[in-house]
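Spelled out, the chains give:
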Amino acid sequence: MSPLNTVEILLAEDSQHDAELAIRALKKHNMANNLVHVKDGEEALDFIFGRGKYEANKGNLHYPKVILLDIQMPKVNGIEVLQQLKGNPLTHNIPVVILTSSKEHPDVRLCYELGANSYIVKPVNFEGFAEAIRNLGFYWLLLNQPPD
Amino acid sequence: MFAIPKPSMTKFSPGRILTIGTVIICGTIAAVFFISYRQSQRVQNTSEWVNHTQEAIQHIQRLVMNALDNETGARGYVISGKDNFLEPLKRSVIHFDEEIRILDSLMKDNPEQLRSLDSMKNIIGRRIHFSDSMVATRKLEALRASIEMVESGVGKRYTDQIRELGLHMEQVEQALLQQRKSANESTIRELNTLLYTLLTAVLLLSIMMVRRIRRDILQREASERRFGALLQAAPDATIISDEQGKIRMVNHQAERLFGYNQKEMIDQPVEILIPASLHTAHGHHRNGFMKKASVRSMGAGLELFAVKKDGQEFPVEISLSPIRTDEGLMVIASVRDISARKALENTLRRTNAELEAFTYSVSHDLRAPLRGIVGFTAILEEEYGDKLDEEGRRIAGVIKSNTLKMGNLIDDLLAFSRLGRQEINKSQVDCTALVKEIIAEMSKAHSEIIIHWNMGILPVVEADPTTLRQVWINLISNAIKYSSKSPSPEIEIGAKLDKGEQIFYIKDNGVGFDNKYRDKLFRVFSRLHSEEEFEGTGVGLALVDKIITRHGGRVWAEGKTGEGACFYFTIPEEVDSR
């Protein structure tokens, strides 16, 4: 695992295969060097706020440059994670990109209302997915300078 | 109870007959009064004349008597020479003057009698003169001469003349009386005839009126009974209220539905049947309805509630229809308890929501493994492609293309189910511009196929732009797909008016289809060609059918195997957006 203080992308995705595909797509474009993959919403929140198994990091919190957040996850779903992040003054500036299976999903709209910055439809077509991931990662990591 | 006027009954309503009859009877009675008054006037007039005549006769007789007194007085003096005979003589002269004056005034309007009276005056003058001469002669002690004067008979002749003239005047007076009496009597008789005629007419008219009104009342009662029977036979709870919103009639069904008995509802405001929270709104609606009364259902599209005697509220459906009665405008409200239907609707709504959720989860859950298959097959091709032989790479390709196809199928299915819920928002759509744009896009995407396009001017229609666009895309891509294997593909797009209906069509010279399967074309997943021949999911035309149906239009197709197909659809001009 990469050093925490240089984490650039936090990927919250319960599907191992989807995560692998996303990571491969990012790697292909050299963007997965400082990536952390968590498997559910609870773990995502633990990581960000230094709780649970990430308690050791508490004194040395470093927020990711972008969070790729799947909506449907066990325990705490993406929407709840988004709510907590956007409702907290410490984290509400972190860009959040929603990962969804369908753009028709009613949750997409809700996510925007909650302050999500963008979304990616996970298409069946791998090439399309890789391209979308690449574009977004590129935008959020390189072009979008988060406020300090 | 009130009666519904029957339009076809008679031209005079009972009320009108009553008014006309009353006017006629009152007029006749006034005429009778007038005639009676005239009759009594006549009777009085006759008795006045009788008195007048009697008075005249009396005075004529006195005049004659006076002449006798005059004669007797003069003669007595001549014979006796006593002065006491002179007294009646002097009195008679005074009496003559009196009587003549009275008769003058009594007869002033009758020239004949006045002439007789003049003669009378003349003779009386002579009579008085003669008597005075006799008395004068006797006073001169010429007894002989005065006796000769008596014996000459001159005085007697004057007296006789007076008597005769008096008698004549009496007769004239009597005749006049008779004449006047008979004139009055004939007038009275005529008036009597008129009176009896009028009274008989009034009697007949009254009888006719009574019979007519009785008949009307009987008819009205019969109509009320029929109406009451109809009301009771109505399948729904029926409430009739007047313009002020007071309940006037209810049927048994209404008693059962609301839990009140008839007596408790009659004359109460209809608001007793409406939840208190809706009273104000209902008052406004009622006034509005009364101003523009027509048959309609109440509060179309709104949830209506009624309240029972025990306070229980329940959903209802209400139809209103106005009736004009002789007691003013009434409203018949048919009330139906739709609790059961509402419950079913709720169940249906829940089921639909569940189905929707199911569709989404299916689309999600089905897509996730597909992503894995395609993604990892792609990785296999990319990273291990050099370790596979040609057949291995072909198989990897087949896996990918099949999986992508399944992804498309799921997408189409999702689009199809989404359309059932999507709102149709109509606006003006210029079909010519829309179709040209689609053709341009498609030609770019299928640049390998050279198609001869033949397109006319298409009308502007009221439609939902997004879904109508989908219709054209599906039909045009279909036409391209099925004509792509023709030697020279041709597609014709146009519109025509048929019996006032705007029909759009799109015709190709492609593979066509057997006309006997044309109804299967528009069913979901129903295809007339194999996947190997022409790829497709079988959702496109089903989607077209669904969109056009939601616009209130129709869609159909004609075809012949090997000779092309023609698809038609209509967009009605005015469709209720509800």
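All figures in this text were calculated on a predicted structure; none of them were measured in a lab.

1. A word on the overall build of chain B
- Counting its regular elements, chain B contains 13 helices and 13 strands.
- Across the 578 residues of chain B, 23% fall into the buried class.
- Excluding contacts between residues fewer than 6 apart, the proportion of contacts in chain B whose partners are at least 24 apart in sequence is 66%.

2. Thoughts on the overall build of chain A
- When helices and strands are tallied, chain A shows five helices and five strands.
- Start at the N end of chain A and walk to the C end: the helices and strands fall as β-α-β-α-β-α-β-α-β-α.
- Looking at the 148 residues of chain A, the share that counts as buried comes to 39%.
- Taking the intrachain contacts of chain A between residues at least 6 apart in sequence as the baseline, contacts between residues at least 24 apart amount to 66%.

3. Topic: the interface of chain A and chain B
- Between chain A and chain B, the contact holds 16 residues from the first and 17 residues from the second.
- Every element with two or more residues in the side of chain A that touches chain B is listed here: helix H1 (16–28) and helix H5 (126–143) of chain A.
- Per element, the largest residue contribution to the side of chain A that touches chain B is four residues, and it comes from H1 of chain A.
- Residues belonging to the side of chain A that touches chain B are distributed by class as follows: four nonpolar, seven polar and five charged.

4. Some words on the sheet that holds strand E12 (residues 555–560) of chain B
Residues and elements named next belong to chain B.
- Sheet architecture is open: five strands sit in the order E8-E10-E11-E13-E12, paired in mixed fashion. Each edge of the open sheet carries a strand with a single partner, namely strand E8 (452–455) and E12. Between one strand axis and the next, the sheet turns through 15 degrees on average, direction left out of account.
- This element, helix H12 (residues 465–483), spans strand E10 (490–498), strand E11 (501–508) and strand E13 (564–570) of the sheet and lies at about 30 degrees to E11.

5. Brief notes about the confidence of the model for chain B
All names here are of chain B.
- On average, chain B scores 85 in pLDDT, and the residues at 70 or more come to 94%.
- Ranking the helices and strands of chain B by mean pLDDT puts E13 first, with 92, and strand E3 (residues 296–297) last, with 68.
- Note that residues 6–10 has pLDDT below 50 and, in this model, one contact with residues that lie over four places away or in other chains.

6. What about the nonpolar core?
- Ranked by internal contacts, the top residues of the largest apolar core, which has 42 residues, are Ala 12, Leu 68, Leu 69 and Ile 98 of chain A.
- For this core, the element with the highest residue contribution is H5 of chain A, accounting for six residues.
- In this view, Leu 69 of chain A contacts Ala 12, Gly 78, Val 81, Leu 82, Val 96, Val 97, Ile 98 and Leu 99 of chain A; residues no more than four positions away in its chain are not counted.
- Phe 504, Val 539, Leu 541 and Ala 557 of chain B belong to the second-largest nonpolar core, a separate cluster that totals 39 residues.

7. A word on the environment of Val 435 of chain B
All names here are of chain B.
- Tracing the sequence through the fold places Val 435 in helix H11 (residues 431–445).
- For Val 435, a count of 21 C-beta atoms within 10 Å translates into the label buried.
- Along the chain, Val 435 and Trp 472 lie 37 residues apart, while their C-alpha atoms are 6.9 Å from each other.
- Apart from the residues within four sequence positions on either side, Val 435 is in contact with Met 455, Leu 458, Trp 472 and Ile 493.

8. Considering the packing of H1 of chain A against helix H9 (residues 339–384) of chain B
- Where H1 of chain A meets H9 of chain B, the closest approach of the two axes is 9 Å, and the angle between their N-to-C directions is 40 degrees. Relative to H9 of chain B, the element H1 of chain A is oriented oblique. Classified by chirality, the crossing of H9 of chain B by H1 of chain A is left-handed. Between H1 of chain A and H9 of chain B, the residues in contact are His 17, Asp 18, Leu 21 and Arg 24 of chain A and Ala 368, Arg 371, Gly 372, Gly 375 and Ile 379 of chain B, respectively.
- The class makeup of the residues in the contact of H1 of chain A with H9 of chain B is three nonpolar, three polar and three charged.

9. Notes on the sheet that holds strand E2 (residues 35–38) of chain A
All names here are of chain A.
- One open sheet holds the five strands; their spatial order is E2-E1-E3-E4-E5, and the pairing between them is parallel. Lying at the two open borders of the sheet, with one neighbouring strand each, are E2 and strand E5 (118–121). Each neighbouring strand pair of the sheet contributes to a mean axis angle of 20 degrees, computed without reference to strand direction.
- Against the sheet, H1 makes contact with strand E1 (9–12), E2 and strand E3 (66–70), and its axis sits at roughly 175 degrees relative to E2, the strand it touches most.
- The sheet strands contacting helix H3 (residues 78–86) are E1, E3 and strand E4 (96–100), and the helix crosses E3 at an angle near 150 degrees.

10. Some remarks on unusual backbone geometry
- Notably, Lys 75 of chain A is not glycine yet its phi reads approximately 60 degrees, a positive angle.
- As for its position among the elements, Lys 75 of chain A is in the loop between E3 and H3.
- The partly exposed category is assigned to Lys 75 of chain A, around which 13 C-beta atoms lie within 10 Å.
- Located in the positive-phi region is Asp 267 of chain B, a residue other than glycine, with phi close to 75 degrees.

11. Regarding the environment of Glu 80 of chain A
- Note that Glu 80 of chain A resides in helix H3.
- When the C-alpha positions of Glu 80 of chain A and Gly 41 of chain A are compared, they lie 7.7 Å apart, and in sequence the two are 39 residues distant.

12. Comments concerning the pairing of strand E6 (residues 328–337) of chain B
Residue and element names in this part refer to chain B.
- When strand E1 (residues 237–242) meets E6, the two strands line up antiparallel, connected through six bridges. Bridged to Asp 242 within E6 is Met 330.
- Pairing between strand E5 (residues 313–325) and E6: 10 bridges, direction antiparallel. Across the sheet, residue Ile 318 finds its bridge partner in E6, namely Val 335.
- Between E5 and the antiparallel strand that follows it, E6, lie two residues.

13. Quick notes on H9 of chain B
- A rise of 1.5 Å per residue sets the reference length of H9 of chain B, with its 46 residues, at 68 Å; its end C-alpha atoms lie 66 Å apart and thus fit the reference within 8%.
- Within the span of H9 of chain B, buried status applies to Ser 363, Arg 367, Arg 371, Val 374, Gly 375 and Ala 378 of chain B.

14. Quick look at the environment of Phe 126 of chain A
- On the secondary structure map, Phe 126 of chain A appears in helix H5.
- As a C-alpha pair, Phe 126 of chain A and Ala 22 of chain A span 104 residues in sequence and 9.4 Å in three-dimensional space.
- In contact with Phe 126 of chain A, other than residues within four places in its own chain, are Leu 21 of chain A together with Val 374, Gly 375 and Ala 378 of chain B.

15. Side note on the confidence of the model for chain A
- Model confidence for chain A is summarised by a mean pLDDT of 80, while 86% of its residues fall at 70 or above.
- pLDDT under 50 marks residues 1–5 of chain A. Its contacts with residues more than four places away, or in other chains, come to eight contacts.

16. Describing the packing of H11 of chain B against H12 of chain B
Residue and element names in this part refer to chain B.
- At a minimum axis distance of 10 Å, the contact between H11 and H12 shows a crossing angle of 45 degrees. By the criterion of interaxial angle, the relationship of H11 to H12 is oblique. Classified by chirality, the crossing of H12 by H11 is right-handed. Here Leu 434, Val 435, Ile 438, Ile 439 and Met 442 of H11 come into contact with H12, specifically with Arg 469, Trp 472, Ile 473, Ile 476, Ser 477 and Ile 480.
- Taken together, the residues of the contact of H11 with H12 break down into nine nonpolar, one polar and one charged.

Conventions adopted
Residues numbered from 1 in each chain as written. Chains lettered and ligands numbered in written order. Predicted model: local features only at pLDDT ≥ 70, side-chain atom pairs only at ≥ 80, totals over all residues. Helix = DSSP H or I, 4+ residues; strand = E, 2+ residues; numbered from the N terminus. Buried ≥ 20, exposed ≤ 12 C-beta atoms within 10 Å, placed from the backbone. Contact = placed C-beta atoms within 7 Å. Nonpolar A, V, L, I, M, F, W, Y, C, P; charged D, E, K, R; others polar. Pairing = 2+ DSSP bridges. Axes fitted to C-alpha atoms, helices over the stretch in contact; angles between N-to-C directions. pLDDT = per-residue confidence, 0-100. Core = buried A, V, L, I, M, F, W, Y, C linked by C-beta atoms within 7 Å. Parallel < 35°, antiparallel > 145°, perpendicular 65-115°, else oblique. Left-handed = near helix turned anticlockwise from the far one by under 90°. Expected span 1.5 Å × (residues − 1).

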